[in-house]
Every structure is written in C-alpha cells, then in structure tokens.
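# Remarks on the overall topology
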Amino acid sequence: MIQPALVGNGYRLEFDFQPPLLTVRLLGAVAAEANLAVTREYWLRIAERARECGAGQLLVLDELPGEVMGDADLARFFDEISGMGLERVQIAYVEGRLDQIPRIEYVEQLALERGYRARVFGNESDALLWLRYGGG
C-alpha cells in the first residue's frame, strides 16, 4: 500500500508498505553542510513510519547524490537515532551511487556494532533476496 510521501529540507521520502516490508525511496539533494542534521531528520521520520506500520523489514532505496558523512558525524548520527526502534527492524540499504559503496560498507559495520540488523547493497534485487531469505 503506497503511503503519503514526506518532504523535508532537501529530501523527499516515498513509502510503500507491503507487510512486513516498508520500502522507502529517498530522493532530493542535501547540502553538504546540513548532511548530519538532515540525515538524522529523515531517519527519524523513517523510524516513525516503520513503527506506525508495524514493519519488520525496511528497504531503503537511496537516490541522493551527496557524499557519506565523515567518521565524527557518523558517530553522532548513530548516537542520535539510538532507541528509535530501528534496532528491531531488518534493514536493507541500497546505495544508488556505486562509487559510495565502500564508504557505505563502513557505515554498515558501524550499524552492526550497535546492534542493527543491516546490510548494504548496490541493487534492489540483491537487497530483496537478503530480506526474504538471508537475514531473518
């Protein structure tokens, strides 16, 4: 079931919920100097929608053109979203920019260290396969 989109500072979140899977398409362009604040904002909104739906799985399709945050901002980001319920959701994250995959894999490691069930993928079909069979 397609759900209402959410628009924020430089981003748009489009949602589709097919229980137990909530799919989120992340669109827009976030200014580099606002990356931490905006990323935190849209992840909090994603967590809220996942809780509202009762989603057990989350597929994030990142189509943003920007760069991944630096190490210090990533640590702050994880501190700020801790306890929002994403720890209870199996998360598959599809990075739209293949040149960003090595950096996103580092983010995956940070997430795993903090107790998230998360994997990063370069395409949606691999992500869906993991959600269905590999990550339960």
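Residues numbered from 1 in each chain as written. Predicted model: local features only at pLDDT ≥ 70, side-chain atom pairs only at ≥ 80, totals over all residues. Heavy atoms only, no water.

## Comments concerning the pattern of salt bridges
Considering all chains together, one arrives at nine salt bridges under this definition. Arginine 97 is the salt-bridge partner of glutamate 67, the closest N and O atoms lying 3.1 Å from each other. With glutamate 67 in the loop between strand 4 (57–62) and helix 2 (71–81) and arginine 97 in the loop between strand 5 (90–95) and helix 3 (101–113), this pair connects stretches of sequence that are 30 residues apart. Classification of glutamate 67 by relative accessible area gives exposed; the value is 51%. Look at arginine 97 and you get buried, because its relative accessible area is 19%. As a salt-bridge pair, arginine 76 and aspartate 73 come within 2.1 Å of each other at their nearest N and O atoms. Of the two residues, arginine 76 and aspartate 73 both sit in helix 2, three residues apart, roughly one turn of that helix. Accessibility expressed as a relative area gives 40% for arginine 76, which makes it partly exposed. (Salt bridge = Lys/Arg side-chain N within 4 Å of Asp/Glu carboxyl O. Helix = DSSP H or I, 4+ residues; strand = E, 2+ residues; numbered from the N terminus. Buried < 20%, exposed > 50% of the residue type's maximum accessible area, 1.4 Å probe, protein only.)

## Looking at the confidence of the model for the protein chain
Across the protein chain, the average pLDDT comes to 92, with 99% of residues at 70 or higher. Across the protein chain, the secondary-structure element scoring lowest on mean pLDDT is strand 1 (residues 2–8), at 88, and the one scoring highest is strand 4, at 97. (pLDDT = per-residue confidence, 0-100.)

## Re the packing of aromatic side chains
Using the criterion set out here, one finds five aromatic pairs in the structure. On the numbers, 5.9 Å between centres and 45 degrees between planes, the contact of phenylalanine 121 with tryptophan 130 is tilted. Take phenylalanine 121 and tryptophan 130: they sit in the same class, and that class is buried. Pairwise contacts between aromatic rings join Phe77, Phe78 and Tyr116 into one cluster. (Phe/Tyr/Trp six-rings, centres within 6.5 Å; stacked < 30°, edge-to-face > 60°.)

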